[in-house]
Amino acid sequence: MAVIHRTTMSPGKLELLAAWMPSKPWYRGGEAPLLAKAGGFRLDDPAGEVGIEFMVVTDTSGDSPVTYQVPMTYRGMPLESAADGLIGTSEHGVLGRRWIYDGTHDVVLVEQLLALLAGRATAQDQNASDVPDPTVEVRTEGAGVPQGLTGPGTVTETADASLVTVGPAAQDGPVSTLTLCRVLRPGPAPEGDGSAGRVLAGWSAPDGTRQHGPFARLAAFER
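About the cut-offs
- Every chain is numbered independently, its residues counted from 1 as its sequence is written.
- Residue-level local features of this predicted model are given only where pLDDT is at least 70; pairs of side-chain atoms are given and counted only at 80 or more, and the full residue set underlies all totals for whole chains, interfaces and linings.
- Note: side-chain values were computed over all heavy atoms of the structure, leaving out hydrogens and water.
- Only DSSP runs of H or I covering at least 4 residues are called helices, and only runs of E covering at least 2 are called strands; the numbering of each starts at the N terminus.
- Whenever two N or O atoms come within 3.5 Å, that pair is a polar contact, provided that in protein one can donate a hydrogen and the other can accept it, and provided that, for residues adjacent in sequence, both atoms are side-chain atoms.
- Whether two residues are in contact is decided by their heavy atoms, any of which lying within 4.5 Å being enough.
- Side-chain atoms within 4.5 Å link the members of a nonpolar core, which is a set of buried Ala, Val, Leu, Ile, Met, Phe, Trp, Tyr and Cys residues.
- When a residue's accessible area, from a 1.4 Å probe over protein chains only, is under 20% of the maximum for its type it is buried; when over 50% it is exposed; and in between it is partly exposed.
- In this analysis a 1.4 Å probe is tested at points of a 1 Å grid over the protein atoms alone, and where it fits but cannot get out there is a cavity; an open set with protein on both sides within 12 Å along at least five of seven lines is a pocket; lining residues have an atom within 4 Å of a point.
- Grid points are joined across faces, edges and corners, and a volume is the space filled by probe spheres set on the points.
- Just so you know the grouping, Ala, Val, Leu, Ile, Met, Phe, Trp, Tyr, Cys and Pro go in nonpolar, Asp, Glu, Lys and Arg go in charged, and all remaining residues, Gly too, go in polar.

Visitor: What exactly am I supposed to notice about the side chain of Lys 13 here?
Guide: Position of Lys 13 among the secondary structure elements: in helix α1 (residues 13-20). Within polar-contact distance, the side chain of Lys 13 engages the side chain of Glu 53 at 2.8 Å. Residues in contact with Lys 13, not counting those within four places in the same chain, are Arg 42, Glu 53, Met 55, Met 72 and Tyr 74.

Visitor: Sorry, what's going on with the nonpolar core here?
Guide: The tendency in soluble globular proteins is for nonpolar side chains to be buried side by side. Residues Phe 41, Leu 178, Val 199 and Leu 218 are the most contacted members of the largest nonpolar core, which totals 33 residues. Here this core gets 8 residues from one element, more than from any other, and that element is helix α2 (residues 107-117). Counting 17 residues, the second largest nonpolar core, distinct from the first, contains Leu 35, Tyr 68, Met 72 and Val 183.

Visitor: Hey, could you run me through the layout of surface pockets in this one?
Guide: Where empty space is left in the structure can be found by rolling a water-sized probe over the atoms. Size it by volume and the second largest pocket reaches roughly 200 Å³. Surrounding the second largest pocket, Asp 160, Ala 161, Thr 179, Cys 181, Val 183, Arg 185, Pro 190, Asp 193, Arg 198, Pro 214, Ala 216 and Arg 217 form its lining. When residues of the lining of the second largest pocket are traced back to their parent elements, those giving at least two are β11 (176-181) and β13 (210-219). The residue inventory of the lining of the second largest pocket, partitioned by class, reads 6 nonpolar, 1 polar and 5 charged.

Below is the structure:
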């Protein structure tokens, strides 16, 4: 179970993201993002070592507000395999120094998102310990999501998403693409697009209204 500490982080998450996001191909705002937290959810690390958060932020620095999803992990030590995804480090008031990663590069986040899609994990409230988030919706299609998947393989950034290659732990079977939406748009998930599973969740618009839409999808497996 992830424990939510009521403490400080220096620099804070939004400060770190404001310095990091303009370098990404999916960022659409001004040179200096004006970020506000808009929602999100968490997943538990079964080993209890890594914090996993799917944060939603809205940026108002451009011509119109844009809402982004930033999946993040919080670690007590650097993760060499995720070096390309390092967002920055921060001093946590309880846990000390934390290394904060773009979660698409972190094996723990990717595997727990796959577990959520396969029905083996439960989305947790972003701001409370040991409280499930019933607003996070998981849908499967066809044969559903296989067990025993691992990742990340390659990570590719596009204009509105991150594409992560995943496959079986044995690495000798079919592979698939896990797509994490970076630019969030409200509305129902597309149908008939060859998905094995998808995650939908909610966030708050700048005017305070609640919105809901796709966060992630796993394509059907191909050999």
